[in-house]
Amino acid sequence: KDLYRTRLIYTRVDYRIETWQLTMFRIPDLLTKKRDGMALTSEEIRYFVQEVVSGGVQECQLGAMLMAIYLKGLTDEETVCLTGAMKDSGDVLGPWPAEWEGKIVDKHSTGGVGDKISLILVPALAACGMKVPMVSGRGLGHTGGTLDKLESIEGLSVAASKNDILRILTNVGCCIVGQTDNLVPADKEMYAIRDVTGTVDNMGLIAGSIISKKAAEHLNALVLDVKFGVGAVMVDEVKSRELAKKMVDIGNGLGIKTAALITDMNNPIGKMIGNALEVAESVNCLFGNGPIELEDLVLSLGGQLMLLSGNASSVDEGRTKLKETLSNGEAAKKFKEMIIAQGADPEKAEILCTKGADVWSVLPEAKHVTSLKSKCSGYVYTINSRTCAECSLKLGAGRQASTDKINYAVGLELCVDIGSSIKEGDTWIKVHHDCDVIPDDIMRLLSGAINVQTSKPEILLTRVKDTIS
Ligand code: URA
């Protein structure tokens, strides 16, 4: 009893000391310290993150700190501390029911173009008996966001409480939700400001943002899709590997079995870029009718996760189990159950998830579709995914300011494959737009996005370049 009382007293004293220490910091001092390239202490980082969440940091101060971090970098120690502080800025999910042990898994991508993997992989994993409490993100920089894509489904909400998530995982097996005022709120604030302050492609900020969300999910295993190439957040392959290693180390250090695939993000993934367009393509893929390279990436990431979590004895076995759910309609069924559990109208969800049904009767469609023609003949060598993403964003599919509303209907539809032959005058891309005339700058950018050559390019059988674990 005495020991217990002593502990209580110490706890209270410690708490008071900590509170007292915390109030010693001034935000402008922390900004100058980082601006001058000094490392922040763990107390300073925790204090800053807490103040971000409680409203003690003005938006301009947050933008200044993010820019200072971007320019001066974070040490490994600062990154680990930022990750922990962001995770602890709100509720942590779990503890999960004991019978789920070994099955609580998730995947996260550093962001790409046409990257709809989560919409397909999450329900496919649930159809294999996994539990997937995915906390995802919105569009960041030029890249599209899983949450924005999902919200193109009328009525669907990505805001969920801890109890909602437990209920959906119990009944369905998977959900895809966003950061909230209770769930990694620090990432919610920082993510939105990074998106509009040119501070996205910083290793420490990316690692903190991704791993804090995943750590808050209380996972057994995590696979990361770390992209490189023109359409990736981290363009340089060497830097992507460094980022992957950092995140794998932090994830494993937190007790989550973590691996990363290094994947090529030069050409867009699949054929569709834009929110509703990507949902439509995902549903096709959920029925086993998606582009081969899209399905391969889903299966590669999922196979790795099944192996990592001990639910398959090899990546191939994991791939086979997941592929089966795409062939037998189980993954599509899980997707339907998940979107209904998150607020989609059941009748509309039924139409969206019925093979061969007219998905455009339930998804937002753009007013106009304009076909753009190739100016020369040859082989499609590359399609610049970053240019495509920027054009899609300019059409309204993404945000240029944090208050911008997304237009879910607009985007781009590729009509050619890499390596396919094309003749002058053939349609290579369709622009889905709501403006009456496509602005000149978009037309100009798009005409430079396709590279046609007289020789055939080497065709990648898979985007996966390496695995880091
Ligand atoms: N995804 C995230 O959640 N955060 C990043 O910083 C990049 C991709």
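Criteria and thresholds
- Residues numbered from 1 in each chain as written.
- Predicted model: local features only at pLDDT ≥ 70, side-chain atom pairs only at ≥ 80, totals over all residues.
- Heavy atoms only, no water.
- Buried < 20%, exposed > 50% of the residue type's maximum accessible area, 1.4 Å probe, protein only.
- Helix = DSSP H or I, 4+ residues; strand = E, 2+ residues; numbered from the N terminus.
- Pairing = 2+ DSSP bridges.
- Expected span 1.5 Å × (residues − 1).
- Contact = heavy atoms within 4.5 Å.
- Lys, Arg positive; Asp, Glu negative; His and termini not counted.
- Salt bridge = Lys/Arg side-chain N within 4 Å of Asp/Glu carboxyl O.
- Polar contact = N/O pair within 3.5 Å; in protein donor to acceptor, adjacent residues only side chain to side chain.
- Near = heavy atom within 4 Å.
- Areas by Shrake-Rupley, 256 points an atom, 1.4 Å probe, with all protein chains shown as cover.
- 1 Å grid on protein atoms, 1.4 Å probe; cavity = no way out; pocket = protein on both sides within 12 Å on 5 of 7 lines; lining within 4 Å.
- Sits in = over half its atoms within 2 Å of the grid points.
- Nonpolar A, V, L, I, M, F, W, Y, C, P; charged D, E, K, R; others polar.
- Points joined across faces, edges and corners; volume = space filled by probe spheres on them.
- Axes fitted to C-alpha atoms, helices over the stretch in contact; angles between N-to-C directions.

1. Considerations on the pairing of strand β12 (residues 450-453)
Thinking step 1. Burial of the side chains of β12 is restricted to one face: I450 and V452 are buried, whereas none of N451 and Q453 on the reverse face is.
Thinking step 2. Here strand β8 (residues 378-383) pairs with β12 via 4 bridges, running antiparallel. Note on β12: the bridge partner recorded for I383 is I450.

2. Brief notes about helix α5 (residues 76-87)
Thinking step 1. Given a rise of 1.5 Å per residue, 12 residues ought to cover 16 Å, and the 17 Å separating the end C-alpha atoms of α5 matches this to within 8%.
Thinking step 2. Taken as a whole, α5 has its buried residues at E78, T79, C81, L82, T83, G84, A85 and M86.
Thinking step 3. Buried residues belonging to α5 abut α2 (27-35), α3 (42-54), α9 (185-195), α10 (203-215) and α11 (237-253).

3. Section: the side chain of K107
Thinking step 1. Take K107: it is sitting in strand β1 (residues 105-109).
Thinking step 2. For the buried K107, no salt bridge exists, and the shortest N-O distance to an oppositely charged side chain is 4.5 Å, to D115.
Thinking step 3. In terms of polar contacts, K107 uses its side chain to reach the side chain of S118, at 3.0 Å.
Thinking step 4. Non-local contacts of K107, meaning those with residues more than four positions away in its chain, are made with D115, I117, S118, L121, M134, K214, L222, V223, D225, L301 and L305.

4. Details of the site of the ligand
Thinking step 1. Around the ligand, the neighbouring residues are H108, S109, T110, L140, Y191, R194, I206, S209, I210 and K213.
Thinking step 2. Contacts to the ligand include S209, whose side-chain N or O atom sits 2.7 Å from a nitrogen atom.
Thinking step 3. Here the ligand has 240 Å² of accessible area as a free molecule, and 96% of this is covered by the chains.
Thinking step 4. The cavity that encloses the ligand is the largest cavity.
Thinking step 5. Counting only elements with at least two residues in the shell around the ligand, the list comes to β1, α9 and α10.
Thinking step 6. Broken down by element, the shell around the ligand gets its largest block of residues, 4 residues, from α10.
Thinking step 7. Split into classes, the residues belonging to the shell around the ligand amount to 4 nonpolar, 4 polar and 2 charged.

5. A short note on empty space enclosed by the protein
Thinking step 1. One pass over the structure, following the stated rule, counts 5 cavities of 30 Å³ or more.
Thinking step 2. In this model, the largest cavity occupies a volume close to 300 Å³.
Thinking step 3. Every residue lining the largest cavity is counted, 27 residues in all, and those nearest its centre are H108, S109, T110, G111 and Y191.
Thinking step 4. Of all the secondary structure elements, the ones that give two or more residues to the lining of the largest cavity are β1, α6 (117-127), α9 and α10.
Thinking step 5. No other element matches the 4 residues that α10 contributes to the lining of the largest cavity.
Thinking step 6. Residue classes in the lining of the largest cavity are distributed as 8 nonpolar, 13 polar and 6 charged.
Thinking step 7. In this structure, the second largest cavity encloses a volume near 210 Å³.
Thinking step 8. Around the second largest cavity, the lining is made up of 23 residues, and of these H142, T143, G144, A397 and G398 lie nearest the centre.
Thinking step 9. Those elements that provide at least two residues to the lining of the second largest cavity are α7 (146-150), α12 (275-286) and α17 (385-397).
Thinking step 10. Sorting elements by how many residues they give to the lining of the second largest cavity places α17 first, with 4 residues.
Thinking step 11. Its residues assigned to classes, the lining of the second largest cavity comprises 6 nonpolar, 12 polar and 5 charged.

6. What to know about the pairing of strand β4 (residues 221-228)
Thinking step 1. Most of β4 sits out of view: 8 of its 8 residues are buried.
Thinking step 2. Burial of β4 is two-sided: the residues A221, V223, D225 and K227 facing one way and the residues L222, L224, V226 and F228 facing the other way are all buried.
Thinking step 3. Judged from the 5 bridges that link them, β1 and β4 form a sheet pairing that is parallel. Within β4, the residue paired with K107 across the bridge is V223.
Thinking step 4. In this sheet, strand β5 (residues 257-264) lies alongside β4 in parallel orientation, the contact comprising 8 bridges. Counterpart to L222 in the pairing with β5 is T258.

7. Thoughts on the sheet that holds β5
Thinking step 1. Strand order across the open sheet formed by 4 strands is β1-β4-β5-β13, with mixed pairing between neighbours. The sheet is open, and its two borders are formed by β1 and β13 (464-468), each paired with just one other strand. With strand direction ignored, the average angle separating the axes of adjacent strands in the sheet is 20 degrees.
Thinking step 2. Helix-sheet contacts for α10 involve β1 and β4, and the interaxial angle to β1 is about 165 degrees.
Thinking step 3. Set on the sheet, helix α13 (residues 292-308) makes contact with β1, β4, β5 and β13; between it and β4 the angle comes to about 145 degrees.

Read these as geometric descriptors, not functional statements.
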